[in-house]
Amino acid sequence: MKVAIHSLGCKVNTFEAQQMTDSFLKKGYEIVPFTETADIYIINTCSVTNIADHKSRQMLHRARALNPNAIVVAAGCYANTRSREELLGEDVDIVVLNEEKKDIIEIIDKYREEHKKEEAAIEAPVLSEGLSPVSEYGKTRLFFKVQDGCNAFCSYCIIPYARGRIKSPPVEEILRLAGDFADRGYREFVLTGIHLSSYGLDRPESGETLITLIERLSGLKGVERIRLGSLEPKIITEDFVARLSQIPEFCPHFHLSLQSGSDSVLKRMNRHYTTEEYYKSVTLLREAFGSPAITTDVIVGFPGETEEEFEESRAFIEKVRFYETHVFKYSRRQGTAADRMDGQLTNAQKAAREKVLLQLTAKRKRQFEDSFIDAAPVEVLFEEGSQGYTREYVRVQCPSADIPEGAILKGKITGRLNNDIMEFVPNSGCSE
Ligand code: SF4
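As the structure is a computational prediction, the values presented were derived from the model and not from experiment.

### A closer look at the overall build of the protein chain
Summing up its helical and strand segments, the protein chain has 15 helices and 17 strands in all. Its C-alpha atoms give the protein chain a radius of gyration of 23 Å, within 12% of the compact-globule value 22 Å for 432 residues. For the protein chain, the C-alpha atoms occupy an extent of roughly 65 × 60 × 50 Å along the three principal directions. Scored against the burial criterion, the 432 residues of the protein chain give a buried share of 53%. Sequence separation of at least 24 residues holds for 71% of the intrachain contacts in the protein chain that already meet a minimum separation of 6. Here the protein chain contributes 56 positively and 66 negatively charged side chains, and the mean placements of these two sets differ by 3 Å.

Right under this line is the structure:
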């Protein structure tokens, strides 16, 4: 039985697709690329913007076109925000909500039981002998979802409605699972969540928070690197930073959600910080970590964003000197407060502002990466093709050697190979 999985959207979705892949492999299913003919297509959908909705629908139709007899599954956020009837009308066979993803195989099995006709056309599952999920899908870096849901209700976002309120599993459960993955060869754990900063806050009696989770995880055998997904700036307190800086496995790479560098826009977005507070967080990080990678997301063309507000935002982004800024044009989401706001901008206005910020971020990305050339040694975790990432998430390659996936080497960045990749020479020379 061949299964093809296509995931859209955020790191949480990527992680959940990885979990589904592992579950199917364990049950003896064969995972094939999405472009191939499969018996089951799973589209792990996203609904963060109208464009994401559109892409989710497109992929559902593509799956049906690839094999009209296949079982087409709509899983995730787009499915959560639509009625089952609407989705089944779109030629989807099975709807799997976010909270049902862990049971996806049972749901599919039940569907197949009830549809014996299709069953006859599908091969029985074959256990792929000797297939190890880790070697077959060899990865060194694991996106590890530790939190779901959000209570923040930013005025532009549908996620709290689609994913519900914050929830997070106890540390012990996470450590048990992390231990399994570490035993399977994963070396870097990227902790992700819809609102990662809220880890543990749904269980205040436990005393568990994101920092206690990171501290406990760092003590686990085989966990050599810990990286964090998107954080809210307000979590960056003196205590948080002081404790993080004591953890050798922690990678100094912070994705601090900004969304706008204009205080009046932040207020309309219902974000609960000011640019002054944000800048204080950045300063704390730089004092503790020297030159950490600080990346962010910014929305341009939020309803009512004036030229002055956009200029404030641009100037603030320039002042912070981010490593990377992911720029998004505001996209209306039905059911959100922002969708009902006056002063919606035209696409041309948004595109013009996007262009300005993209030019700024490209320049700054290059400057940050170039600052490593012939500077202090860096440590690289290698993935495929003798390429890997430094602890600051700078992509490097050792061009003249075949470095095995999973190797961690120290060395120097000696130059730039192209727009995205820096040249790396290990301390002992470029050989393994
Ligand atoms: S923090 Fe805001 S943008 Fe992020 S998921 Fe929650 S409501 Fe959405």
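Next comes the rest of the description.
### A closer look at the packing of aromatic side chains
Here the structure, examined in full by the defined rule, presents 20 aromatic pairs. Where Phe 302 meets Tyr 330, the ring centres are 5.5 Å apart and the plane angle is 75°; that geometry is what we call edge-to-face. Placement of Phe 302 in the loop between β11 (293–300) and α14 (307–320) and of Tyr 330 in the loop between β12 (324–329) and α15 (347–370) is noted, with a sequence separation of 28 residues between them. Within the aromatic cluster, the residues linked to one another by ring pairs are Phe 15, Phe 144, Phe 181, Tyr 186 and Phe 189. Note that Arg 141 overlies the ring of Tyr 389, its terminal NZ or CZ placed 4.9 Å from the centroid. A cation sits over an aromatic face here: Lys 319 above Tyr 279, 4.2 Å from the ring centre.

### Points about helix α10 (residues 210–218)
Buried residues dominate α10, accounting for seven of its nine residues. Three or more residues of α10 are buried, namely Leu 210, Ile 211, Thr 212, Leu 213, Ile 214, Leu 217 and Ser 218. The inward-facing, buried residues of α10 contact β6 (141–147), α9 (171–183), β7 (188–193), β8 (225–228), β9 (230–231) and α11 (238–244).

### Describing the sheet that holds strand β3 (residues 40–45)
Reading across from one edge, β2-β1-β3-β4-β5 is the order of the five strands in this open sheet, with parallel pairing throughout. Either end of the sheet is taken by a strand with one partner, and the two such strands are β2 (30–31) and β5 (94–96). Against the sheet, helix α1 (residues 11–26) makes contact with β1 (2–7), β2 and β3, and its axis sits at roughly 170° relative to β1, the strand it touches most. Contacting β1, β3 and β4 (71–76), helix α2 (residues 50–66) runs over the sheet at an angle of about 175° to β3.

### A word on the pattern of salt bridges
This structure, assessed with the given rule, holds 29 salt bridges. Between Glu 311 and Arg 314 there is a salt bridge; the shortest N-O distance is 3.0 Å. Pair noted here: Glu 311 and Arg 314 are both in helix α14, with a separation of three residues, about one helical turn. The class for Arg 314 is buried, based on a relative accessible area of 19%. Note that Arg 391 is salt-bridged to Glu 379, the shortest N-O span being 4.0 Å. Here the residue Arg 391 occupies a position in the loop between β14 (387–390) and β15 (395–397), and Glu 379 occupies one in strand β13 (residues 378–382), the gap between them amounting to twelve residues.

### Description of the confidence of the model for the protein chain
Should pLDDT be low for a region, the predicted coordinates there are not to be read in detail. Per-residue confidence for the protein chain gives a mean pLDDT of 87; residues scoring 70 or more make up 92%. Considering only residues more than four positions removed or in separate chains, one finds that residues 116–138, a stretch of pLDDT under 50, has 26 contacts.

### Describing the pairing of β6
Counting buried residues along β6, seven of its seven residues qualify, which places the element largely inside the surrounding structure. Bridging between β6 and β7 involves six bridges; their strand directions are parallel. Paired with Gln 147 across the strands is Gly 193, a residue of β7.

Definitions and limits used
Residues numbered from 1 in each chain as written. Predicted model: local features only at pLDDT ≥ 70, side-chain atom pairs only at ≥ 80, totals over all residues. Heavy atoms only, no water. Helix = DSSP H or I, 4+ residues; strand = E, 2+ residues; numbered from the N terminus. Rg over C-alpha atoms; globule rule 2.2 N^0.38 Å. Buried < 20%, exposed > 50% of the residue type's maximum accessible area, 1.4 Å probe, protein only. Contact = heavy atoms within 4.5 Å. Lys, Arg positive; Asp, Glu negative; His and termini not counted. Charge placed at Lys NZ, Arg CZ, Asp CG, Glu CD. Phe/Tyr/Trp six-rings, centres within 6.5 Å; stacked < 30°, edge-to-face > 60°. Lys NZ or Arg CZ within 6 Å of the ring centre and 35° of its normal. Pairing = 2+ DSSP bridges. Axes fitted to C-alpha atoms, helices over the stretch in contact; angles between N-to-C directions. Salt bridge = Lys/Arg side-chain N within 4 Å of Asp/Glu carboxyl O. pLDDT = per-residue confidence, 0-100.

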